[in-house]
Structures are given as C-alpha cells and as structure tokens.
Amino acid sequence: MKCLMPSLAILALCQMAGNAMEKQHSNRLAAESSPYLLQHADNPVDWYPWGQEAFETARRLDKPIFLSIGYSACHWCHVMEHESFEDAGIAAVLNRDFIAIKVDREERPDVDAVYMKAVQLMIGGGGWPLSVFLTPTLKPFFGGTYCPARASLGQPGFKDLLIHLAKAYKSDKAQIGKDADGVASRLTQWTNQSPRGNSLDPLAVSAAAASIASGLDPVNGGYGGAPKFPQPSILEFMLSVTAGLSPVAPASRTFSSGKNAAELVLLTLDKMAAGGIYDQIGGGFHRYSTDERWFAPHFEKMLYDNAQLARLYTAAWQLTGRARYREIARETLDYILREMTSPEGGFYSSQDADSEGREGRFYAWEWKDIVSALDGDERAVTAVANALALTKSGNWEDGLNILTRVDSTADRGLGGARGKLFDWRARNRVAPARDEKILTDWNALTIETLAYAGAAFKEPRYTQAAVAAAGRIATERYGDDGVLLHALAGGRKVPGFLEDYAFWANALIGLYETTLDISYLESARAVAGKTLELFYDQQAGAFYSFPVKGGDADLLTNVIEVHDGVVPSGVSSAVTAL
C-alpha cells in the first residue's frame, strides 16, 4: 500500500484540544541545551536527539523514524506540542511504533535543510513544525508540517496518521522502501544542481528586477499576497537598483505596476514601518504578516529579520534623507541592544510569539489598558487612539487592538505617550520567552549591520556592540584546526556551515571598514581561505552548504543553495565576501 502525501489543507488546520496531560519524568532531551529541545523534555514521547543512539535503535528494532523539526519561537510548534506531544495516547503510539527524534532547526540547519527540501518535493511546500517519517536508513517516505491531533474537516488527525503509517510500514515495507529510495534519489539530484556553464549576463539584473517588481504589491508594498514576509534580500536588491548601484535597470525604469523601483521599495518600507508587523512601542519587527496589509503579524521576533531590516532602513535613510527611516533603523537596533544582547557580548536568537498562553498577548492592547497606561488623560488617550488606529471595541480579535501608524512618516499625536505605553507594558505583561542561543551566522549578520549603522549614524554604541560580539565569536567559536563553530550545544560543538563562514567574513570586512583596524581584514582573509577549503567544490564549480569533507555522514545529501531566503544564501554571501 502506498501512503498518500497529506494535502496542504492539513497544514492550515488547528483545533485546540484540551488533552494536555500532567508532566511525566523527563526524556532524553533533558540533557540538551537548546531551549526548543528542553521545551519537549517532559513530554511523554520518548524523544531522542539527532544522533547515533536513535539511528542504531531504529535499525536494531526495524522501526520507522518520526523526525520533528522546529524552533523555540515557533507558534505552531507550540500548538502541536500541546495537542499531540503532551497527549498520552498519541505518545503511546509514537513510543510503540516509531523512534521519535526532535531537532532544533536553528542548532542543526543542515538537518532541517535536507528534510525541508524532501518535504517540498513530496507536497510542494513546507514550514515548521516539520514532520517527516523516515526509514531506519534515514530516507523520507512521508512528510508534512503541522498536523492537528484530531480529525477535522475530513482530514485525519495525527494519531490516526501514526496508526496508518505504522500499519503500512509493517505490511508493505518493500514498497515504502522503494518510495523512500525514489525520494532520496530525486532529493540528491535537486540539491546538487550545479550552476557551472551559466554565463554572467548583466541583463540578468534587469530581468530579475522586472520579475520581482511584477510581484510587488503596488498598494501595500511587499512581495506577493498573504501571508506576507519582509524578504529583506529582495528589498535590498531592489534598493540597489533604486540607488543605481546595479549595471542596468535604473531607478527611473517604470515596471508593469506603474511604479518605478524607488517607489516600490520605499512604499514597502513605509507600509511595513506603519503596520502591526513593526512593534510601534518597543521597536523591532515581527516575523511576518498574516494579511497583505502588514496589519496582523505572526508575533515572534527573529534576530536575523531585525538585523537585516535595520540595515535596509539605514541604507534607505542614506539614499533619501528621510528621518523616518533613520528612526526605524535606530529603534530596531536599540531593541536588539536592549532585549537581545548577552552581557558577555553577542546576540540571542529569538523571542516567542506567545505569552500568558496566547499569541501576541504582550503586544496587543485592550482599550482599558491604554486608558490605564495614560493615567486616564482623555486628551492623551484620544491623541494616541487617532495616531495608532485604536478603537474601544478593538481593531483585531477578542476586543484587542494591534498598534499601527495612521501617519507612517512622522511621530505625530504620540509625544511622550509611547514611553508611558512602553513602561506600562513592561510592568503589566509577561514578556515572551527568549531563546538565548548564540548562533554564529545570525550574530555575524547583526555585527555587520551594527558596524554599518555605527558608521552611518556616527553612533559609537552600535560600533562597540559589534566589536564586543565579534570578540566573543573570535574567542569562543573556533574549534580544532581553525574550524568555525555554528553553535555550542551543551557539551557538543556544532561545526560551522557555509552561512557561518560567509556571514562572518562579511562581518569582519564591515568591522574593518568602520574601525580601520587592519586585524579584522586579516581575519576576514583567513576565513575566506577556510571557506574555499571546506565548502568549494572545484569540479562542480560551486559552494556547498555543508563541508565537502568531514560533514555529517548521516545526511542524505549536501546542498547547493543558490536562492536567498529569509537570510541570504551562503553562496551569494561567500561571493560577496570574496
């Protein structure tokens, strides 16, 4: 019997079930350091971390593997844990019929990259939590993302899915093995496509700009429809077109939307800065908007988003002189320094979307909260309501207000009220949980931005924070033989990936350009040499994401990632550094 791939409708369903059970004894994840893994340490599921113990057990017992990948700030990861992984009945099926492995995608982006691409091959899309079923040889045969615990709208629940797959594995193992071999073969072909032979045509810049512009929203800005992500790599490219930094496609070119490159980019920056995706009280951007207007965000905050967007707004200020862009850049950087910076130097990974048992609770406001924060001053309340589009009945759900700017270009109507709202929120709300992992690649992005902004704004605080973080990376993140580490995971050292090396090289170059300390440039040259040594394949004419030699031997394939995603690809960043 062949297992059908889940429809995309499953991935969008969530039916909150009151089936959470009391915590049992800790499982193997209790020995881990990742906040995401520790969140699951008291699940009744007999979780294994990624490693030989799990693989050998699966092979010895001839059981399929359930691989669950997520990260600590992921809202739907929390939902699936509550609905399914805390459920005794579901845990019993998992423990009896599968070997369950839990992976933090931020700690092991290599594992996530391989199996995300496998799921994309199987169902045409992906996301987190990533749920993949593997043979004991680690080949995927079924996959999806979030799955509801109980059947809903004609879709199977997670427990039913587990029972079905376990029965299929026992009754038709040969067919499942054949299907898994096919997926693994296609995965290897897809992830190893080399760009060798492609010529570098300057007209490609013009074609890319026109293609991107055709997908940019001429009303609300941004790329595509709902859900809408900031896509800083795309916006930075279009900003370079706006600035005339690309060889073709000047800013004056009018695209099919009727707007030129400058108008499209600046419209996007204005709309994001005015929307609920931006924390109008504390600064910093949420991960994405659930609608096309940037109004209702998915409330988690990621270090990589804020680092890149702060740099983008800084560049926009340099190009236009508009004070609002400088304000957004500085508020975002100040948020990073205030809430995401380790006392030892370096920057934490993320803040959760949820607090007090609800997504967005920290950021959304009831009308009475506004009145309380402003000490009942009717004139101040009216001014703030007008400036931030608030209503007594709420502009969002359950009588809550999401703060947005009516006027995106100025701080009109707020005066000192923002400070009062900020202080009231800090006193009366439980702050979202923070993932305090220090990741080399995301830290490098932030260091590069702080160095850039320190020079642009002539702001020593930003430069000093960049220097302190770089000092920590230089001291702490080198292993044997000069190998850069991606993360320190408990007692383990996770070797660096292409993005770690490439982002770090660019950060060192940025520090040199800001401070003129030649040691940064010398370090960048050494990192560039190590990048070529570990990741460049002369025969393929390409950079691989994982070390060409000495990487994780259990991964099914290496990856040539030429597309910029939520962060720039390691390939484009390595080329930039070189």
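Above this text you will find the structure in question.
Everything in this summary refers to the structure shown in the same document. Keep in mind that this is a model prediction, so the values were computed, not measured.

Looking at the element boundaries, Ser152 is found in the loop between strand E5 (140–144) and helix H7 (158–171). When the C-alpha positions of Ser152 and Val575 are compared, they lie 48 Å apart, and in sequence the two are 423 residues distant.

Turning our attention to the state of the cysteines. Summed over all chains, the structure comprises one disulfide. Each disulfide pairs two cysteine sulfurs, and for Cys74 the partner residue is Cys77, the sulfurs being separated by 2.5 Å. Handedness of the Cys74-Cys77 disulfide follows from its S-S torsion of about 80 degrees: it is right-handed. Cys74 sits in the buried class, given a relative accessible area of 3%.

Considering all chains together, one arrives at 26 aromatic pairs under this definition. A centroid spacing of 4.8 Å and a plane angle of 75 degrees characterise the contact between Trp50 and Phe55, whose relative ring orientation is edge-to-face. Assigned by exposure class, Trp50 and Phe55 land together as buried. Counting every residue linked through ring pairs, the aromatic cluster contains Trp47, Phe66, Phe85, Phe98, Phe133, Phe142 and Phe158. When the ring centre of Trp128 is taken as reference, the NZ or CZ atom of Arg105 above it lies at 4.1 Å. Over the aromatic face of Tyr452 sits the side chain of Arg311, whose NZ or CZ is 4.2 Å from the ring centroid.

Moving on, we get to helix H18 (residues 460–476). Between the first and last C-alpha of H18 there are 24 Å, a value that for 17 residues agrees with the 24 Å anticipated at 1.5 Å per step. Tyr462, Thr463, Ala465, Ala466, Ala469, Ala470, Arg472 and Ile473 are the residues of H18 that are buried.

If you look at the biggest cluster of nonpolar residues, it comprises 145 residues, and the most contacted ones within it are Trp50, Leu67, Tyr115, Phe133, Phe158, Ile447 and Trp504. Other than its neighbours up to four places away in sequence, Trp50 contacts Phe55, Leu67, Ile101, Lys102, Val103, Arg108, Val111, Tyr115, Leu138, Asp552, Asp554 and Leu555. Within the second largest apolar cluster, 17 residues are counted, among which are Trp365, Leu374, Ala387 and Leu388.

What follows is about the sheet that holds strand E2 (residues 65–70). An order of E1-E3-E2-E4-E5 is seen for the five strands of this open sheet, with the pairing classed as mixed. Single-partner strands in this sheet number two, and they are strand E1 (48–49) and E5. Here E2 pairs with strand E3 (residues 99–104) via six bridges, running parallel. Residue pairing across strands places Phe66 opposite Ala100, the latter belonging to E3. Against the sheet, helix H3 (residues 52–61) contacts E1, E2 and E3, and its axis sits at roughly 155 degrees relative to E3. The sheet strands contacting H7 are E2, strand E4 (130–134) and E5, and the helix crosses E4 at an angle near 15 degrees.

Below, the discussion takes up the pairing of E3. Across the six residues that make up E3, a large majority, six, are buried. Covered by surrounding structure in E3 are Ile99, Ile101 and Val103 together with Ala100, Lys102 and Asp104, the residues of both alternating faces.

The terminal C-alpha atoms of helix H9 (residues 203–215), which comprises 13 residues, lie 19 Å apart, in line with the 18 Å expected from a rise of 1.5 Å per residue. Those residues of H9 lying buried are Val205, Ser206, Ala209, Ile212 and Ala213. The buried residues of H9 all sit within an arc of 135 degrees when viewed along its axis, so they share a single face. Relative to its buried face, H9 has exposed residues pointing more than 90 degrees away, namely Leu203 and Ser214. Check the buried side of H9 and you find it contacts helix H10 (232–242) and helix H11 (261–274).

Cut-off values and rules
Along each chain, the written sequence defines residue order, and numbers are assigned to residues from 1. For a predicted model such as this one, the threshold for reporting local features is a pLDDT of at least 70, and the threshold for listing and counting side-chain atom pairs is 80 or more; totals across whole chains, interfaces and linings nevertheless cover every residue. The side-chain values count all of the structure's non-hydrogen atoms but skip hydrogen atoms and water molecules. Strands here are runs of E lasting at least two residues and helices are runs of H or I lasting at least four, both read from the DSSP assignment and numbered beginning at the N terminus. Our working definition of a disulfide is a cysteine sulfur pair at a distance within 2.5 Å. Burial status follows relative accessibility: with a 1.4 Å probe on protein chains alone, a residue under 20% of its type maximum counts as buried, one over 50% as exposed, and anything between as partly exposed. Two rings from Phe, Tyr or Trp (for Trp, the six-membered ring) form a pair when their centres are within 6.5 Å of each other. A pair whose planes differ by under 30 degrees is stacked, one over 60 is edge-to-face, and the rest are tilted. Only when the NZ atom of a Lys or the CZ atom of an Arg is both within 6 Å of the ring centre and within 35 degrees of the ring normal do we say a charge sits over the ring. Here the expected length of a helix is defined as 1.5 Å per residue gap, with one fewer gap than residues. As used here, the term nonpolar core means buried Ala, Val, Leu, Ile, Met, Phe, Trp, Tyr and Cys residues forming a set that is joined through side-chain atoms within 4.5 Å. By definition in these notes, contact holds between two residues if any of their heavy atoms fall within 4.5 Å. At least two bridges found by DSSP between two strands are what make those strands a pair. Lines are fitted to the C-alpha atoms to define the axes, a helix being fitted only along its stretch in contact, and any angle between axes, read from their N-to-C directions, falls within 0 to 180 degrees. In this description, the arc belongs to the directions extending from the helix axis to the C-beta atoms.

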